[in-house]
Amino acid sequence: QVQLVESGGGSVRAGERLRLSCAASGRAFTTYTMGWFRQAPGKEREFLVAIDTSGSRTYYENSANQRFAASRDNAQNTVYLQMNKLKPEDTAEYYCAARGGGLSGNWPSYEYWGQGTQVTVSS
């Protein structure tokens, strides 16, 4: 299995950039597809982007915001979410997650989850 710890959240102004990190522990990290999700108060969990085991492919669904880009550094056991041109509506708690299967935006299929990190964007 894998344990996930996020960092990089905080409060920023609209238009700024923010990079979230998800540090993973576990020998099998490189076998996991990684995904990023967010959830705002009173709203459903939203899939953002997934990245495959090697980092060579990413996956977005139709409603995904491509201002957000995923990458991974398997040598450092870390996955990143680069968020550009942030807007107040991006305010949410952001989660990274891992699954043993392939690329997916279906949150119940992800087996392991980070603790979440809050991102607040002010106008």
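Look up: the structure comes first, before these words.
What you are looking at is a predicted structure, and each value in this text was computed from that prediction instead of being measured.

Each value, and the rule that gives it
Residues numbered from 1 in each chain as written. Predicted model: local features only at pLDDT ≥ 70, side-chain atom pairs only at ≥ 80, totals over all residues. Heavy atoms only, no water. Helix = DSSP H or I, 4+ residues; strand = E, 2+ residues; numbered from the N terminus. Rg over C-alpha atoms; globule rule 2.2 N^0.38 Å. Buried < 20%, exposed > 50% of the residue type's maximum accessible area, 1.4 Å probe, protein only. Contact = heavy atoms within 4.5 Å. Areas by Shrake-Rupley, 256 points an atom, 1.4 Å probe, with all protein chains shown as cover. Salt bridge = Lys/Arg side-chain N within 4 Å of Asp/Glu carboxyl O. Disulfide = S-S within 2.5 Å.

What follows deals with the overall build of the protein. Broken down by element type, the protein carries 0 helices and 11 strands. Here the C-alpha radius of gyration of the protein, 13 Å, is about what a compact globule of 123 residues would show, namely 14 Å. Taken along its principal axes, the extent of the C-alpha atoms in the protein is 40 × 25 × 25 Å. Across the 123 residues of the protein, 42% fall into the buried class. Put simply, of all contacts in the protein between residues at least 6 apart along the chain, 57% involve residues at least 24 apart. For the protein, the accessible surface area stands at approximately 6400 Å², while carbon and sulfur atoms represent 42% of it.

This brings us to the environment of Gly 105. Within the element layout of this structure, Gly 105 appears in the loop between strand S9 (92-99) and strand S10 (112-113). Gly 105 gets classed as buried once you look at its relative accessible area, which sits at 15%. Between the C-alpha atoms of Gly 105 and Trp 36, which are 69 residues apart in sequence, the distance is 8.9 Å.

This part takes up the pattern of salt bridges. Per the counting criterion, the structure on display carries 3 salt bridges. Glu 46 is the partner of Arg 38 in a salt bridge, and the nearest nitrogen-oxygen pair spans 2.9 Å. Arg 38 gets classed as buried once you look at its relative accessible area, which sits at 9%. For Glu 46, a relative accessible area of 25% translates into the label partly exposed. One continuous salt-bridge network, built from bridges that share partners, spans Arg 38, Glu 46, Arg 67 and Asp 90.

Within this structure, the stated rule accounts for 1 disulfide. The side chain of Cys 22 participates in a disulfide bridge whose partner is Cys 96; the two sulfur atoms lie 2.0 Å from each other. Measuring handedness by torsion sign, the sulfur bridge of Cys 22 and Cys 96 sits at about 60 degrees and is right-handed. Highlighted residues: Cys 22 in strand S3 (residues 18-25) and Cys 96 in strand S9, separated in sequence by 74 residues. Exposure class is identical for Cys 22 and Cys 96. Each is buried.

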